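# Inside the fold
Letter by letter, the chains look like this.
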Protein chains: 2
Amino acid sequence: MSIVQVDTPGGRYPIHVAPGRLDRLAESIPADATAIALVTNPTVAALYGERVEKALARSGKPVIRITLPDGEAHKDWQTLNLIFDGLLRNRCDRKSVLVALGGGVIGDMCGFAAASYMRGIRFLQVPTTLLAQVDSSVGGKTAINHPLGKNMIGAFHQPVAVEIDTDVLRTLPPREISAGLAEVVKYGLIIDAEFFDWCERNAAKMRALDPEAISHAIRRSCELKSQVVSQDERESGLRAILNFGHTFGHAIEAGLGYGQWLHGEAVGCGMVQAAELSVLTHGLPAESARRVRALVAAIGCPVQPPDLGVDRWIDLMQVDKKTEGGTLRFILLPEIGRACFEPAPLDALKQVLAGAASAAVG
Amino acid sequence: MSIVQVDTPGGRYPIHVAPGRLDRLAESIPADATAIALVTNPTVAALYGERVEKALARSGKPVIRITLPDGEAHKDWQTLNLIFDGLLRNRCDRKSVLVALGGGVIGDMCGFAAASYMRGIRFLQVPTTLLAQVDSSVGGKTAINHPLGKNMIGAFHQPVAVEIDTDVLRTLPPREISAGLAEVVKYGLIIDAEFFDWCERNAAKMRALDPEAISHAIRRSCELKSQVVSQDERESGLRAILNFGHTFGHAIEAGLGYGQWLHGEAVGCGMVQAAELSVLTHGLPAESARRVRALVAAIGCPVQPPDLGVDRWIDLMQVDKKTEGGTLRFILLPEIGRACFEPAPLDALKQVLAGAASAAVG
């Protein structure tokens, strides 16, 4: 088993990466917990619900199950409230522990429920998608969507542990593997050029879930994310670089309607656009931008953005949380392995967006 | 002007107590704020809306106003969402500052909105009721209600400052003054016997809003609350004593339906019940319990609890956040000026509740 340690002002906790972790979840339940609420969705419940309930019951605590409807479209208050309903109906108190078993949507909602139920209870992240394993389950960001913007309502709330069972990836559709790999590639791009090179050499192996390759990809991603989050839990500076490709990506998701593209797919495509913008504004070599495009394609993500129209693109991007006083700011790459967070000139941005539109038409 | 300093892990901030503070709010707006959103209700807006907007505009920042429906019955997600709608429609970013102008409901909702908008932005408390001035605006507790329990969903989120204008109390109905005085008396009971004596001597003056008496009552209450909160921001121990009378009080509010009794009235009555329970379980002299009852009556709060029936009382109290593993725990007084937080034997509790019922009938 690999253990990656996360250390933030909001909490210190381990990430365990190994096959078969689902059966050992009781090890991560705090001794003084009064009850466990397993939060999951019907798809994951059908695959792992009973097995995980049994594993949690080994802690000797009562276990209740709360099942939420599946998908980003349900990442809203109404669904969040199903968690509160379940907790209150079962009289769960401040020493109850939530367990998020699922992808990023379950993790984000369960995490925000834990952050705000009785002003904060503990929770455990058990991510079952590659995207959640390498990104959203680590670092304590939790949120729900608002009709006017993604992840607009949430909290920073660290889990007591993250349990990554690499076996569960076998039941994922290939599209979700590709979406998860976009975030893996991201870490190389923003912080570790050597890891980016490794990803280029191992793209096919990662997609095929070669055990050694995928374990290394997950562990290294968690390490890199943990390094960033440990230095800047609340995104006052450095942490923003983790959003590389996300300003474009969020606009794609909102513009097409959440759920059309997977989050990781939108981010993959957004990274290609952010690299193109970096060529215009930060002297990223054009050859590097081509490598980004080629690797995003190699992991199976779209590289051609949808034609939303330049004005709508800009409109959508302005709702992004990285906006400050109306100025659009982006994570940009002076070179592969190094990122900065700066405003971009509007004409350069329009050039990237127009290029996207003409390519989509042509 | 009196300044009381609050110092918690979640933030250090001043409480300013003085007449005319409403006109000087710009002094508390951080220099790097990008926009100000004034959150208030129609009643308060009619009295102070324009004046406060003008005072805030002196900071040189754009000011928007978000008006929420009035009353505890609206302290729910739907109303909270009006704040998010307003912020997003006006493209308020992470450096926006919320200003809560109103009573406890506005402060709690605006505070929770600030805690969760974009995972946390800054806010200023400008309490306009006595209850909010001496209690809810200090200490960073924020929350909304859930149909199954009061304040069940929220966060600890400290304001950047609390601005208490003692002039605004003149426009309050007498019933709200009485409700606020219940929390003032509470501080004496749990932590400062001398202040309790002072309250006994000055009950009439406080009710009449004698400037010197009410200023002293507010400042001393803020000091005592600040002391407790500075030692235990997240209510892992000591802070619980601030809930003296609240387990009974919350049951009254939930049992009668929120809004029937004012929160402070329910707490006032709850303190009488908690004192009676303390006589049975912690050797509080019966004479002290009589003093509690007499002072609660003298400040104009009800001392006779509603007859909810013993089973329903217990049922309602079990949803309280102080429950742990199903055991009912109470803040109890071994003597006036000293409180502890302990489970109470069910038979003693039933005796207090049955006494309440028979008195109500007789």
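Worth saying up front: this structure is predicted, and the values here are computed from it rather than measured.

Moving on, we get to the domain arrangement of chain A. All names here are of chain A. Domain annotation of chain A identifies domain 1 (2–169) and domain 2 (174–361). The C-alpha centroid of domain 2 is placed 26 Å from the C-alpha centroid of domain 1. With 32 residues of domain 1 in contact, the opposing surface of domain 2 contributes 34 residues. For the pair domain 1 and domain 2, the two sides together bury roughly 2,800 Å², of which 64% comes from carbon and sulfur. Three residues stand out in domain 1 for area buried against domain 2, namely Val134, Lys150 and Phe156, and they jointly supply 23% of the buried area on that side. One can count three salt bridges joining domain 1 with domain 2. The salt bridge involving lysine 141 is made with glutamate 235; its shortest N-O contact spans 2.9 Å. At the boundary of domain 1 with domain 2, the tally comes to 11 residue pairs in polar contact (both at pLDDT 80 or more).

Turning next to the packing of helix α5 (residues 174–191) of chain A against helix α7 (residues 211–231) of chain A. Residues and elements named next belong to chain A. Two numbers describe how α5 lies on α7: the axes approach to 10 Å, and their chain directions differ by 50°. Classified by the angle their axes make, α5 and α7 are oblique. Every pair of crossing elements has a handedness; the one defined by α5 and α7 is left-handed. Contacts between α5 and α7 involve Leu181, Val184, Tyr187 and Ile191 on the former and, on the latter, Ile214, Ala217, Ser221, Leu224, Lys225 and Val228. In the contact of α5 with α7, the residues fall into eight nonpolar, one polar and one charged.

Residues and elements named next belong to chain A. Taken as a whole and assessed by the stated rule, the structure comprises 11 aromatic pairs over all chains. Here tryptophan 77 and phenylalanine 84 contribute two aromatic rings whose centre-to-centre distance is 5.8 Å and whose plane-to-plane angle is 45°, an arrangement assigned as tilted. Assessed through its relative accessible area of 0%, phenylalanine 84 is described here as buried. Ring geometry for phenylalanine 248 and phenylalanine 330: centres 5.3 Å apart, planes at 35°, overall tilted.

As a further point, take the pattern of salt bridges. Residues and elements named next belong to chain B. Evaluated as defined, the whole model comprises 50 salt bridges over all chains. A salt bridge links lysine 75 to aspartate 108; its shortest N-O distance comes to 2.7 Å. Residue lysine 75 is found in the loop between β4 (63–67) and α2 (77–89), and its partner aspartate 108 is found in helix α3 (residues 104–116); the two are separated by 33 residues along the sequence. A relative accessible area of 3% places lysine 75 in the buried class.

Before going further, it helps to examine the environment of proline 69 of chain A. All names here are of chain A. Within the secondary structure, proline 69 sits in the loop between β4 (63–67) and α2 (77–89). Given the relative accessible area of 29%, proline 69 is considered partly exposed. Expressed as a C-alpha distance, the spacing of proline 69 and threonine 79, which sit 10 residues apart in the sequence, is 7.4 Å. In this view, proline 69 contacts Pro42, His74, Thr79 and Leu82; residues no more than four positions away in its chain are not counted.

The next thing to look at is the relation of the copies chain A and chain B. When chain A is fitted to chain B, the residual RMSD is 0.0 Å, and the transformation amounts to a turn of 180° plus an axial shift of 0.0 Å. The symmetry that links the two subunits is that of a two-fold axis. When each C-alpha of chain A is compared by its distance to the rotation axis, tryptophan 77 of chain A comes out closest, at 4.1 Å. Most of the interface of chain A is mirrored in chain B: 100% of its interface residues are interface residues there too.

Let us now look at the pairing of strand β9 (residues 161–165) of chain B. In summary, the side chains of a regular strand alternate between the two faces of the sheet. Residues and elements named next belong to chain B. Burial within β9 is extensive, with five of its five residues counted as buried. Alternating residues of β9 divide into Ala161, Glu163 and Asp165 and Val162 and Ile164, and every residue in both groups is buried. The pairing of strand β2 (residues 11–18) with β9 spans four bridges and is classified as parallel. Counterpart to valine 17 in the pairing with β9 is isoleucine 164.

A few words on empty space enclosed by the protein. Where empty space is left can be seen by rolling a probe of water-molecule size over the atoms. Residues and elements named next belong to chain B. A full pass over the atoms with the stated rule returns four cavities of 30 Å³ or more. Its volume calculated, the second largest cavity comes out at about 40 Å³. Along the walls of the second largest cavity sit Asn243, Phe244, Gly245, His246, Thr247, Phe248, Ala274, Phe330 and Ile331, which together make up its complete lining. Going through the elements one at a time, α8 (246–256) and β10 (329–335) are the ones with two or more residues in the lining of the second largest cavity. Here the element with the most residues in the lining of the second largest cavity is α8; it accounts for three residues. Residues that form the lining of the second largest cavity fall into these classes: five nonpolar, four polar and no charged.

To continue, consider the pairing of strand β11 (residues 338–343) of chain B. All names here are of chain B. Both β10 and β11 contribute to a ladder of five bridges, which runs antiparallel. Note on β11: the bridge partner recorded for arginine 329 is proline 343. The turn joining β10 and β11, which pair antiparallel and follow one another in sequence, is formed by two residues; a positive phi near 100° is taken by glycine 337.

Now for the UniProt feature "binding site: Zn(2+)" (unreviewed entry) in chain A. Residues and elements named next belong to chain A. Under the feature "binding site: Zn(2+)" (unreviewed entry), the UniProt entry names Glu183, His246 and His263. The annotated residues occupy 81 residues of the chain but converge on a single region, no pair of C-alpha atoms lying more than 10.2 Å apart. Take histidine 246: it is sitting in helix α8 (residues 246–256). Residue classification places histidine 246 among the buried residues on the basis of a relative accessible area of 4%. Those residues within four positions of histidine 263 in sequence are excluded, and the remaining contacts are Leu131, Lys150, Glu183, His246, His250 and Glu253. Here glutamate 253 takes part through its side chain, which lies 2.9 Å from a polar atom of the side chain of histidine 263.

Rules used in this analysis
Residues numbered from 1 in each chain as written. Chains lettered and ligands numbered in written order. Predicted model: local features only at pLDDT ≥ 70, side-chain atom pairs only at ≥ 80, totals over all residues. Heavy atoms only, no water. Domains from an automatic or database assignment. Contact = heavy atoms within 4.5 Å. Buried area = accessible area lost by both parts, 1.4 Å probe. Salt bridge = Lys/Arg side-chain N within 4 Å of Asp/Glu carboxyl O. Polar contact = N/O pair within 3.5 Å; in protein donor to acceptor, adjacent residues only side chain to side chain. Axes fitted to C-alpha atoms, helices over the stretch in contact; angles between N-to-C directions. Helix = DSSP H or I, 4+ residues; strand = E, 2+ residues; numbered from the N terminus. Parallel < 35°, antiparallel > 145°, perpendicular 65-115°, else oblique. Left-handed = near helix turned anticlockwise from the far one by under 90°. Nonpolar A, V, L, I, M, F, W, Y, C, P; charged D, E, K, R; others polar. Phe/Tyr/Trp six-rings, centres within 6.5 Å; stacked < 30°, edge-to-face > 60°. Buried < 20%, exposed > 50% of the residue type's maximum accessible area, 1.4 Å probe, protein only. Least-squares fit on C-alpha atoms with pLDDT ≥ 70 in both. Pairing = 2+ DSSP bridges. 1 Å grid on protein atoms, 1.4 Å probe; cavity = no way out; pocket = protein on both sides within 12 Å on 5 of 7 lines; lining within 4 Å. Points joined across faces, edges and corners; volume = space filled by probe spheres on them. UniProt positions renumbered as here; feature names shortened; annotations may be inferred.

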